[in-house]
Amino acid sequence: MTNWTVWMGEMPMSRSKVLDIAESQVGVREEDGNRQKYGEAYGVNGVPWCIQFLWWICAQAGESGAFYGGGKTASAGELLRWAKKNGRTKPPAQLARGD
């Protein structure tokens, strides 16, 4: 089985901007009940938030359209299905830093 990684596609912004935003969040902690600022911004808090974090990064970078076609999902499985359908996956060996 091949492991596929979601690729955000060719974004006009620089990869370094996305990475800078993500790295600026190192140390952010969730509160009791899985509550954090990414879920608050997304509109659904207190749930697993890994995909909400990706959505938040794209929104902060001004590239909401790079995530899920501009929509919202907090489901890793749904994001992967969408990415495969829209040609937004790559095998991990083909990824570059910031993809």
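These remarks concern the structure in this document. (Residues numbered from 1 in each chain as written. Predicted model: local features only at pLDDT ≥ 70, side-chain atom pairs only at ≥ 80, totals over all residues. Heavy atoms only, no water.)

### Describing the packing of aromatic side chains
Reasoning step 1: Summed over all chains, the structure comprises eight aromatic pairs.
Reasoning step 2: Judged by centre distance (6.4 Å) and plane angle (80 degrees), the rings of Trp49 and Phe53 are edge-to-face.
Reasoning step 3: The rings of Tyr38, Trp49, Phe53 and Trp56 are connected pair by pair, giving a single aromatic cluster.
Reasoning step 4: The ring centre of Tyr42 lies 4.6 Å from the NZ or CZ of Lys72, which sits over that ring. (Phe/Tyr/Trp six-rings, centres within 6.5 Å; stacked < 30°, edge-to-face > 60°. Lys NZ or Arg CZ within 6 Å of the ring centre and 35° of its normal.)

### Considerations on the pattern of salt bridges
Two side chains bearing opposite charge may form a pair once their charged atoms approach each other closely.
Reasoning step 1: A full pass over the atoms with the stated rule returns one salt bridge.
Reasoning step 2: Here Arg81 makes a salt bridge to Glu78, at a shortest N to O gap of 3.3 Å. Placement of both Arg81 and Glu78 in helix α4 (residues 76–85) is noted, with a separation of three residues, approximately one turn of the helix. (Salt bridge = Lys/Arg side-chain N within 4 Å of Asp/Glu carboxyl O. Helix = DSSP H or I, 4+ residues; strand = E, 2+ residues; numbered from the N terminus.)

### Side note on the packing of helix α1 (residues 15–23) against helix α3 (residues 50–60)
Reasoning step 1: It is at 9 Å that the axes of α1 and α3 come closest, and there the two elements cross at 125 degrees. Considering their axes alone, α1 and α3 lie oblique with respect to each other. Crossing of α1 against α3: the hand is right-handed. Taken together, the residues of α3 that come into contact with α1 (itself represented by Val18, Ile21 and Ala22) are Phe53, Trp56, Ile57 and Gln60.
Reasoning step 2: Grouping the amino acids of the contact of α1 with α3 by side-chain chemistry returns six nonpolar, one polar and no charged. (Axes fitted to C-alpha atoms, helices over the stretch in contact; angles between N-to-C directions. Parallel < 35°, antiparallel > 145°, perpendicular 65-115°, else oblique. Left-handed = near helix turned anticlockwise from the far one by under 90°. Contact = heavy atoms within 4.5 Å. Nonpolar A, V, L, I, M, F, W, Y, C, P; charged D, E, K, R; others polar.)

### Some thoughts on the side chain of Gln52
Reasoning step 1: Here Gln52 is to be found in helix α3.
Reasoning step 2: Among all residues touching Gln52, those that are not within four sequence positions of it are Gln36, Tyr38, Gly39, Tyr42, Val44, Val47 and Ala74.

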